[in-house]
Amino acid sequence: QVQLVESGGGSVQAGGSLRLSCAASGRTFSSYATGWFRQAPGKEREFVAAISRTFSSTVYADYADSVKGRFTISRDNAKNTVYLQMNSLKPEDTAVYYCAAEATTSWGVPRFKDPHQYSYWGQGTQVTVSS
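Now for a description of the structure that goes with this document. Everything numeric here is computed off the predicted structure, so don't read it as measured data.

On inspection of all chains with the given rule, the structure shows seven aromatic pairs. Centre to centre, the rings of Phe29 and Tyr32 are 6.1 Å apart; their planes meet at 25°, and the pair counts as stacked. This pair shows no difference in class: Phe29 is buried, exactly as Tyr32 is. Through a chain of ring-to-ring contacts, the aromatic side chains of Phe37, Phe47, Phe112, Tyr118 and Trp121 assemble into a single cluster. Stacked on the ring of Tyr98, the Lys or Arg Arg45 has its end atom at 3.9 Å from the ring centre. Seen from the ring of Trp121, Arg45 lies directly overhead, with NZ or CZ sitting 4.7 Å from the centre.

In structure tokens form, the structure reads like this:
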């Protein structure tokens, strides 16, 4: 069982930055693929970024086209934490952001763009970007 707790959300003006954190319980977090998703009012939950489990210090990441070049996902297995650094924020980035995790033996990231691939979810953190 893994518990995920997001933090770091808040309100920021367009062009600003925020760093979200997803802290996980458990001793084997390095073997979990982790993703960030977001949901705006009246919209479906959408993929933002995902990072693979760690193999010999190597990880792979993938991003939604809408955030490529602006957002960076990373992980610190010693702290059982995954981060989402968000730069050049836009009003359309406003949403509740969720992290999700799934144990895996695979390096593959593409399937982890699908929210149905995840068993564990955090409670979400609000990000509001004003123009």
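What follows is about the environment of Arg45. Along the chain, Arg45 falls in the loop between strand S4 (32-39) and strand S5 (46-51). Expressed as a C-alpha distance, the spacing of Arg45 and Val96, which sit 51 residues apart in the sequence, is 9.1 Å.

A few words now on the state of the cysteines. With the rule as written, the count across this model stands at one disulfide. Between the sulfur of Cys22 and that of Cys99 lies a disulfide, 2.0 Å long from S to S. Around the S-S axis, the bridge from Cys22 to Cys99 shows a dihedral of about 60° and counts as right-handed. One end of the pair, Cys22, is in strand S3 (residues 18-24); the other, Cys99, is in strand S9 (residues 95-103), with 77 residues separating them in the sequence. The class for Cys22 is buried, based on a relative accessible area of 0%.

About the cut-offs
Residues numbered from 1 in each chain as written. Predicted model: local features only at pLDDT ≥ 70, side-chain atom pairs only at ≥ 80, totals over all residues. Heavy atoms only, no water. Phe/Tyr/Trp six-rings, centres within 6.5 Å; stacked < 30°, edge-to-face > 60°. Buried < 20%, exposed > 50% of the residue type's maximum accessible area, 1.4 Å probe, protein only. Lys NZ or Arg CZ within 6 Å of the ring centre and 35° of its normal. Helix = DSSP H or I, 4+ residues; strand = E, 2+ residues; numbered from the N terminus. Disulfide = S-S within 2.5 Å.

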